[in-house]
Amino acid sequence: MTIRHHVSDALLTAYAAGSLPEAFSLVVATHLSLCDDCRARAAALDAVGGRLMEEAAPVALSEGSLAAVMSRLDRRIEVPARPARRADPRAPAPLADYVGGRLQDVRWRALGGGVRQAILPTGGEAIARLLWIPGGQAVPDHGHRGMELTLVLQGAFRDETDRFGPGDLEIADEELEHTPTAEAGIDCICLAATDAPLRFNSFLPKLVQPFFRI
Ligand SMILES: [Zn+2]
């Protein structure tokens, strides 16, 4: 797949530092599993962290720590067998852990106009959701109070800025007002994360948005 829209340096640095909310981290990690370029950039940032760790002054652990760890390594543990599940090629790791099967079997909720969403179970301040936008359908035009990350898993959408196809990541901030529209022909499925409610310009979405945490 040809990916043209990548993780920004700032976002990748925060990801490497482990300081992103889970929802954003999930979107970045899913892009990394699709994008060789960003995976290489992330590895370089991880190397910086490794170097910092190596150079950090050591702090002594309590006496007996090593023996305590080593003795536990020898203990045999039973790992319960995980039920086999049919993975969905559109939901690569680590998204698969949140979806738990095929995308069409996710519990979707209608948002109107054929657009559906499924909120994923993440902790922290930000919300991660799957969006299913029928081909040719537009999401109501909106602005952002915080950051919105949108990763395309299937199909493509266009907005005022560009076209986003499979693997592409759109990073929207307070500056951007847009009307994402799915390309005709194939339904567009996206993984999106937001850390603040969207700003809708028309009345109806405004009315329903609290119910959908959008
Ligand atoms: Zn990338």
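Our structure's up above, just so we're on the same page.
Residues numbered from 1 in each chain as written. Predicted model: local features only at pLDDT ≥ 70, side-chain atom pairs only at ≥ 80, totals over all residues. Heavy atoms only, no water.

## Things to note about the pattern of salt bridges
As a reminder, the rule being used: The rule for a salt bridge is simple: a side-chain nitrogen of Lys or Arg has to be within 4 Å of a carboxyl oxygen of Asp or Glu. For the purposes of this entry, the term helix denotes a DSSP run of H or I that reaches at least four residues, the term strand denotes a run of E that reaches at least two, and both are numbered from the N terminus. The classification of residues rests on relative accessible area computed with a 1.4 Å probe and restricted to protein chains. Under 20% of the type maximum is buried, over 50% is exposed, and intermediate values are partly exposed.
Per the stated rule, a full pass over the model turns up eight salt bridges. Measuring nitrogen to oxygen at the nearest pair gives 3.4 Å for the salt bridge that ties D162 to R4. Note that D162 is positioned in the loop between β6 (157-158) and β7 (163-164) and R4 in the segment before α1 (9-17), a separation of 158 residues in sequence. Note that R163 and E183 form a salt bridge whose closest N and O atoms lie 2.6 Å from each other. With a gap of 20 residues between them, R163 in strand β7 and E183 in the loop between β9 (181-182) and β10 (188-194) connect regions that are remote in the sequence. Judged by its relative accessible area of 30%, R163 falls in the partly exposed class. Among the residues examined, E183 registers a relative accessible area of 22% and is labelled partly exposed. Ionic contacts of the salt-bridge type, sharing partners, join the residues R158, R163 and E183 into one network.

## A closer look at the sheet that holds strand β5 (residues 148-154)
Where we set the bar: Whether two strands pair comes down to DSSP finding at least two bridges between them. Throughout, an axis means a line fitted to C-alpha atoms (over the contacting stretch in the case of helices), and angles, computed between N-to-C directions, take values from 0 to 180 degrees.
Here we have six strands laid out as an open sheet, ordered β1-β2-β3-β10-β5-β8, and antiparallel in their pairing. Two strands in the sheet have a free side with no partner beyond their single neighbour: β1 (109-112) and β8 (169-172). This sheet shows a mean twist of 25 degrees between the axes of neighbouring strands, independent of strand direction. In terms of strand pairing, strand β3 (residues 127-133) meets β10 through seven bridges, oriented antiparallel. Bridging from a neighbouring strand, W132 pairs with I189 of β10.

## Brief notes about the coordination of the zinc ion
The following threshold applies: The rule for donors is simple: an N, O or S atom within 2.8 Å of the metal counts, and for Na, K and Ca the reach is 3.2 Å. Water is not among the atoms, so a site may look short of donors. Working rule for geometry: tetrahedral if four donors all subtend angles between 85 and 135 degrees; square planar for four, octahedral for six, if opposite donors exceed 155 degrees and the others stay between 65 and 115; irregular in every other situation.
Taken together, H6 (ND1), H31 (NE2), C35 (SG) and C38 (SG) make up the full set of protein donors to the zinc ion, lying 2.0 to 2.3 Å away. Because the angles between the four donor atoms bound to the zinc ion fall within 95 to 128 degrees, the donor set is best described as tetrahedral. Mapping the donors of the zinc ion onto the primary sequence yields the spacing H-x24-H-x3-C-x2-C. By relative accessible area, H31 is classed as buried at 0%. Residue C35 is classed as buried on the basis of its relative accessible area, which comes to 3%.

## As for a nonpolar patch on the surface
Basically, it comes down to this: A residue counts toward a patch only above 30% relative accessible area and without a salt bridge, and it is joined to like-charged neighbours within 9 Å or, for Val, Leu, Ile, Met, Phe, Trp and Tyr, to nonpolar neighbours within 5 Å. Accessible surface is estimated by sampling points in the Shrake-Rupley manner with a 1.4 Å probe; for residues, cover comes only from the protein chains shown.
Judged by side-chain polarity, L66, V69, M70 and L73 come together as a nonpolar surface patch covering roughly 430 Å² of accessible area. Note that V69 resides in helix α4 (residues 65-73). You can call V69 partly exposed: its relative accessible area is 47%.

## Concerning a negative patch on the surface
Threshold: The convention is simple: Lys and Arg are positive, Asp and Glu are negative, and His and the chain ends are not counted. A charge is said to be at NZ when it belongs to Lys, at CZ for Arg, at CG for Asp and at CD for Glu.
A cluster of acidic residues, E125, D173, E174, E175 and D195, forms a negative patch on the protein surface. Note on D195: relative accessible area 36%, which makes it partly exposed.

Such coordinate-based values are descriptive only and should not be taken to indicate function.
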